[in-house]
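# Examining the three-dimensional arrangement
Here is what each chain is made of, one letter per residue.
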Amino acid sequence: MTKILSILALLAAAGGAAQAQVPLSEADFAAGLQGIRIQAAAAGHALAAGVQARAQQAPDPQRLIGSTLVAMNDQPGTGELLVTWLRERQAVVEFSGQAQGRSAHAWLGAVPAVYLSPALAEPPSLRYLAVYVAKETAELMLKDFPDSAERRYIVASRMAESFFELGGTRMTMEDIDGHKDEAAAQAIRLWVEHDPSGGVDYLKRQGVPTLAEVGAKSSAEAGRLVNLKYAIEQMLTVPNDPNAESLRAELAQTEAVLAEAQKSAAAAAAAQKEFAEFQTREQTWLWEHQGTLQ
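Quick look at the structure, then. (Residues numbered from 1 in each chain as written. Predicted model: local features only at pLDDT ≥ 70, side-chain atom pairs only at ≥ 80, totals over all residues. Heavy atoms only, no water.)

### Here we look at the packing of aromatic side chains
- In total, this model carries seven aromatic pairs according to the counting rule given.
- Residues Tyr128 and Tyr132 carry aromatic rings whose centres are separated by 5.6 Å and whose planes lie at 75° to one another, so their mutual orientation is edge-to-face. With Tyr128 and Tyr132 both in helix 5 (residues 126-141), this residue pair falls four residues apart, about one helical turn.
- On the basis of relative accessibility, which here comes to 4%, the residue Tyr128 falls in the buried class.
- The positively charged end of Lys143 is found above the aromatic ring belonging to Trp107, 4.9 Å away from the centroid. (Phe/Tyr/Trp six-rings, centres within 6.5 Å; stacked < 30°, edge-to-face > 60°. Helix = DSSP H or I, 4+ residues; strand = E, 2+ residues; numbered from the N terminus. Buried < 20%, exposed > 50% of the residue type's maximum accessible area, 1.4 Å probe, protein only. Lys NZ or Arg CZ within 6 Å of the ring centre and 35° of its normal.)

So, in C-alpha cells, the structure goes:
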C-alpha cells in the first residue's frame, strides 16, 4: 500500500466517523483532499526554501550540524523525537573520518555518537544531513532490536519522515539539494511506496529475515541446545568417566550459547511488540502530515 492510499484510508475513516449522518460524495471528498494538498504544498515549498537558506548561512561544519539539529527539532514529528533522544543522552554528533561511507554510529560508553562524513557538507543542505542524522540515530535507538526487515523499515521511515518534515518532496528525493544519493533515495522510496506491513514483505522478498523468522530460528536453536545440555548432563553422571573434564567444558560452552539463543528469541519477541507500537505511531504521523507528501 502506498502512502497516498494510507492517507486516503485514514481520511476516509475519520471523515466517516465525523460525518456518519451526511456521507460525502466521492467528488466532494476528492475536492477536499486536493484543497488540503494544495495548501500543504505551498507551505512545504516555503519550508524547503527556508531550510535551504539556513544551510547556506551556516558554512562552518559544526554550525551546519547544529542548524540541522535545530531544524529537525523545530518540525514536530520524527525529527523532534530523534533530536530529543540525542540531547537527553548528550550525544556526540559530528563530522568525522570515522564515518565509513557516508555515516556511522557508535557507543562511547553510555554516550551515543553519530559520525557524518565531511563529504556530506558540500553542498550544504540541512535536509540531506537530516537524512543521515536520522539514519544513525535510529540505528542507535534500535541497538537491542534484532537485524530484520522490521528494523530496516523503521530506519528507512526515520530517514524519509525527517526528509519530508524539512520540505523534501518526491520530486527531490533523487537529488537532495545537489546530493544525488541512491542509497538515501532508495530508503526514502521504500517508505514512500510501502506501509510497514508492505515494506516488511518487500524486504523479505529481498532476502532479509523477518522478526518472526529470527525468533523462530533462535527458539529452534534454543530447543536443540536444551536437549544437548540434558544429554551432556546425563553423560556426566557416569562414574569415573575419563571424558568428564572435556564434557564439563562442553557443557559450559553449550550453556553459554543457549543463553545467547534464548536472549535472541526474547529480543525478537520484544521487538515484535515494539514494531506493533511503531505501526500505530506511523498512522499518527500520516494523519498529522497528511498533506506533506508531495
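Still to come is the rest of the account.
### Here we look at the layout of surface pockets
- One number sums up the size of the largest pocket: a volume of about 460 Å³.
- Taken together, 19 residues form the lining of the largest pocket, with Ala156, Gln186, Ala187, Leu190 and Leu203 sitting closest to its centre.
- Elements with a contribution of two residues or more to the lining of the largest pocket: helix 5, helix 6 (149-165), helix 7 (182-193) and helix 8 (196-205).
- In terms of residues, the lining of the largest pocket owes the most to one element, helix 7, which gives seven residues. (1 Å grid on protein atoms, 1.4 Å probe; cavity = no way out; pocket = protein on both sides within 12 Å on 5 of 7 lines; lining within 4 Å. Points joined across faces, edges and corners; volume = space filled by probe spheres on them.)

### Brief notes about the nonpolar core
- Phe95, Leu116, Ile188 and Trp191 are the most contacted members of the largest nonpolar core, which has 54 residues in total.
- Dropping the residues within four chain positions of it, Ile188 is found in contact with Ala160, Phe163, Phe164, Met173 and Ile176. (Core = buried A, V, L, I, M, F, W, Y, C linked by side-chain atoms within 4.5 Å. Contact = heavy atoms within 4.5 Å.)

### Here's the deal with the environment of Trp191
- Along the chain, Trp191 falls in helix 7.
- Spatially, the C-alpha atom of Trp191 lies 7.3 Å from that of Tyr153, the residues being 38 residues apart in sequence.

### Some details on the pairing of strand 1 (residues 92-95)
- What you see with strand 1 is a clean split: Val93 and Phe95 sit on the buried side and Val92 and Glu94 on the side with no burial.
- Of the pairings in the sheet, the one linking strand 1 to strand 3 (residues 111-116) comprises four bridges and is parallel in character. Within strand 3, the residue paired with Val93 across the bridge is Val114. (Pairing = 2+ DSSP bridges.)

### Some thoughts on the packing of helix 6 against helix 10 (residues 244-288)
- Contact pair helix 6 / helix 10: the axes reach a minimum separation of 12 Å and the direction vectors enclose 20°. As far as their axial angle goes, helix 10 and helix 6 are roughly parallel. As for the relative orientation of helix 6 and helix 10, their crossing is left-handed in sense. Along the contact surface, helix 6 presents Glu150, Tyr153, Ile154, Ser157, Arg158, Glu161, Phe164 and Glu165, while helix 10 presents Phe275, Phe278, Arg281, Glu282 and Trp285.
- Classifying every residue of the contact of helix 6 with helix 10 by side-chain character gives six nonpolar, one polar and six charged. (Axes fitted to C-alpha atoms, helices over the stretch in contact; angles between N-to-C directions. Parallel < 35°, antiparallel > 145°, perpendicular 65-115°, else oblique. Left-handed = near helix turned anticlockwise from the far one by under 90°. Nonpolar A, V, L, I, M, F, W, Y, C, P; charged D, E, K, R; others polar.)

### What to know about the pattern of salt bridges
- Counting across every chain of the model gives eleven salt bridges.
- A salt bridge links Glu174 to Arg189; the nearest nitrogen and oxygen atoms lie 2.7 Å apart. Within this pair, whereas Glu174 is found in the loop between helix 6 and helix 7, its partner Arg189 is found in helix 7, the two being separated by 15 residues in sequence.
- Of the residues examined, Glu174 reaches a relative accessible area of 35% and is grouped as partly exposed.
- With a shortest N-O distance of 2.9 Å, Glu221 and Arg224 are connected by a salt bridge. (Salt bridge = Lys/Arg side-chain N within 4 Å of Asp/Glu carboxyl O.)

### Remarks on the packing of helix 8 against helix 10
- Helix 10 packs onto helix 8 with a crossing angle of 125° between their chain directions and a minimal axis gap of 10 Å. When the interaxial angle is binned, helix 8 and helix 10 end up oblique. On the side of helix 8, the interface is formed by Pro196, Ser197 and Val200, while helix 10 contributes Phe275, Phe278, Gln279 and Glu282.
- Of the residues contributing to the contact of helix 8 with helix 10, the split by class is four nonpolar, two polar and one charged.

What is shown is where atoms sit, not what they do.
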